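Spelled out, the chains give:
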Amino acid sequence: MTDDNGAAPPAWDTFLPGDAYVGDAAVRAEWDSRYADRQQLWSGRPNGALVAEVAGLTPGRVLDVGCGEGADAVWLARGGWDVTALEVSGVALERAAGHARDAGVAVRWVHASLTEAALPPGSFDLVSAQYPALLRTPDAAAERALLAAVAPGGVLLLVHHAGMETQQAHDNDSGFDPADYVWPSMVDALLTDDWTVEVNEQRPRVAPDGGAGAHHTDDLVLRARRLR
């Protein structure tokens, strides 16, 4: 085998603006607009709860749900994980792919909503969803998609901002209604005897400096292991 420094990266290591999107076009447009409003929306550093909870895990296949600008995905790849990163915003994915290239790591980018991505069931040793904006549906599609993606023996790590679940829609002017979204308690309620809960708690947030959401002080952390 000879080195070829001019070789193109594998297809799954790139994201192109024209890549097909699978999901609700209105959701994509909403998040594209949010990202386009700022050159950088998030801090650019991995989420503290992810760093803490992954510390004792053996690297394997990981799904980063709602990867944003790619800080978690890049950090996981640097740690030896085989990373698949899913995001609805093409603007965010372009930035994420650029950060991965700059870091010299490989990531599979999936431009889709979680419920429409048709991910192979039971195929990830870790499913990480850090502060995801997953829309709630009567059939609990997003919650079930999170659980279905975890391989036997694997871990689901769901982290969200404490206190948001109980907000009233009229408490803010943003149009945000917590009843529209999936929260850790909803996922916990679907866990069967096939799962064991390793962590289910509220704790002070280890927040990266800067970036949207930095004002939140506490996390809800749900970590559950699939037994079979």
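Treat the numbers as computed from the prediction; the structure is a model and nothing was measured.

1. Quick look at the overall build of the protein chain
Item 1. What the protein chain contains, in helices and strands, is 6 helices and 7 strands.
Item 2. Secondary structure of the protein chain in N-to-C order comes out as α-α-β-α-β-α-β-β-α-β-α-β-β.
Item 3. Each of the 228 residues in the protein chain was classed as buried or not, and the buried ones make up 46%.
Item 4. Pairs at least 24 residues apart make up 74% of the contacts formed inside the protein chain by residues separated by at least 6 positions.
Item 5. Carbon and sulfur atoms provide 50% of the accessible area of the protein chain, an area that totals close to 11,400 Å².

2. Description of the pattern of salt bridges
Item 1. What the rule picks out here adds up to 10 salt bridges.
Item 2. Between Glu53 and Arg223 there is a salt bridge whose closest N-O contact spans 3.2 Å. Remark: Arg223 occurs in strand β7 (residues 218-226) and Glu53 occurs in helix α2 (residues 48-54); sequence separation between them is 170 residues.
Item 3. The class for Arg223 is buried, based on a relative accessible area of 15%.
Item 4. Taking the shortest distance from any N to any O, the salt bridge between Arg225 and Glu198 comes out at 2.8 Å. One end of the pair, Arg225, is in strand β7; the other, Glu198, is in strand β6 (residues 195-204), with 27 residues separating them in the sequence.
Item 5. Residue Arg225 is classed as partly exposed on the basis of its relative accessible area, which comes to 23%.
Item 6. Accessibility expressed as a relative area gives 33% for Glu198, which makes it partly exposed.
Item 7. Overlapping salt bridges bring together Glu53, Glu198, Glu201, Arg203, Arg223 and Arg225 as one network.

3. Details of the packing of aromatic side chains
Item 1. One pass over the structure, following the stated rule, counts 1 aromatic pair.
Item 2. Plain terms: the ring middles of Trp31 and Tyr35 are 6.2 Å apart, the flat faces sit at 40 degrees to each other, and that makes the pair tilted. Of this pair, Trp31 and Tyr35 both sit in helix α1 (residues 25-36), 4 residues apart, which is roughly one turn of the helix.
Item 3. A relative accessible area of 17% places Trp31 in the buried class.

4. Topic: the environment of Arg136
Item 1. Among the secondary structure elements, Arg136 is positioned in the loop between β4 (124-130) and α5 (141-149).
Item 2. Sequence separation of Arg136 and Asp180 is 44 residues, and the distance between their C-alpha atoms is 5.4 Å.
Item 3. When sequence neighbours within four positions are dropped, the list of residues in contact with Arg136 reads Ala179, Asp180, Tyr181, Val182 and Met186.

5. Observations concerning the sheet that holds β7
Each strand in a sheet pairs with another by means of backbone hydrogen bonds, the pair being arranged parallel or else antiparallel.
Item 1. Pairing is mixed across the open sheet formed by 7 strands, whose spatial order is β3-β2-β1-β4-β5-β7-β6. Unpaired on one side and paired on the other, β3 (107-111) and β6 mark the two borders of the sheet. Strand-to-strand twist of the sheet, defined as the mean angle between neighbouring strand axes without regard to direction, takes the value 15 degrees.
Item 2. In the sheet, strand β1 (residues 61-65) pairs with strand β2 (residues 82-87) via 5 bridges, with the strands oriented parallel. Considered in β2, the bridge of Val62 is made with Val83.
Item 3. Of the strands in this sheet, β1, β2, β3 and β4 touch helix α3 (residues 71-78), which is tilted by about 175 degrees from β2.
Item 4. Seen against the sheet, α5 touches β1, β4, β5 (150-161), β6 and β7 and runs at an angle of roughly 140 degrees to β5.

6. Examining the nonpolar core
Item 1. Val54, Leu76, Trp81, Val83, Val107, Trp109 and Leu126 are the most contacted members of the largest nonpolar core, which totals 27 residues.
Item 2. Every element with two or more residues in this core is listed here: α2, α3, β2, α4 (90-103), β3 and β5.
Item 3. Beyond its immediate chain neighbours, meaning those up to four positions away, Val83 contacts Val62, Ala73, Leu76, Ala77, Val107 and Arg108.
Item 4. By size, the runner-up hydrophobic cluster in this structure holds 24 residues, among which are Leu86, Leu114, Leu134 and Leu147.

7. Looking at the pairing of β7
Item 1. Here 7 bridges tie β5 to β7, and the two strands are oriented antiparallel to one another. Bridge assignment links His161 to a residue of β7, and that residue is Asp219.
Item 2. Summarising the sheet, β6 and β7 pair through 9 bridges and their orientation is antiparallel. Its bridge partner lying in β7, Trp195 is registered against Arg226.

Conventions used here
In this numbering scheme, every chain counts its residues from 1 along its sequence in written order. Two thresholds apply to this predicted model, a pLDDT of at least 70 for residue-level local features and 80 or more for giving and counting side-chain atom pairs, whereas whole-chain, interface and lining totals are computed over all residues. In computing side-chain properties, one takes all heavy atoms of the structure into account and sets aside hydrogens as well as water. For the purposes of this entry, the term helix denotes a DSSP run of H or I that reaches at least four residues, the term strand denotes a run of E that reaches at least two, and both are numbered from the N terminus. Note on classification: 1.4 Å probe, protein chains only; a residue is buried when its accessible area is under 20% of the maximum for its type, exposed when over 50%, partly exposed between these limits. The contact definition used throughout considers only heavy atoms, calling two residues in contact when any of these lie within 4.5 Å. All accessibility values rest on the Shrake-Rupley procedure with a 1.4 Å probe; residue burial counts only the protein chains present in the view. When a carboxyl oxygen of Asp or Glu lies within 4 Å of a side-chain nitrogen of Lys or Arg, that pair is called a salt bridge. Each aromatic pair joins two rings of Phe, Tyr and Trp (for Trp, the six-membered one) with centres within 6.5 Å, and gets the label stacked for planes under 30 degrees apart, edge-to-face for over 60, and tilted for any other angle. For two strands to count as paired, DSSP must find a minimum of two bridges between them. Each axis is a line fitted through C-alpha atoms, and for a helix only the stretch in contact is used; angles between axes span 0 to 180 degrees, taken between their N-to-C directions. Residues enter a nonpolar core if they are buried and are Ala, Val, Leu, Ile, Met, Phe, Trp, Tyr or Cys, with the set joined through side-chain atoms within 4.5 Å.

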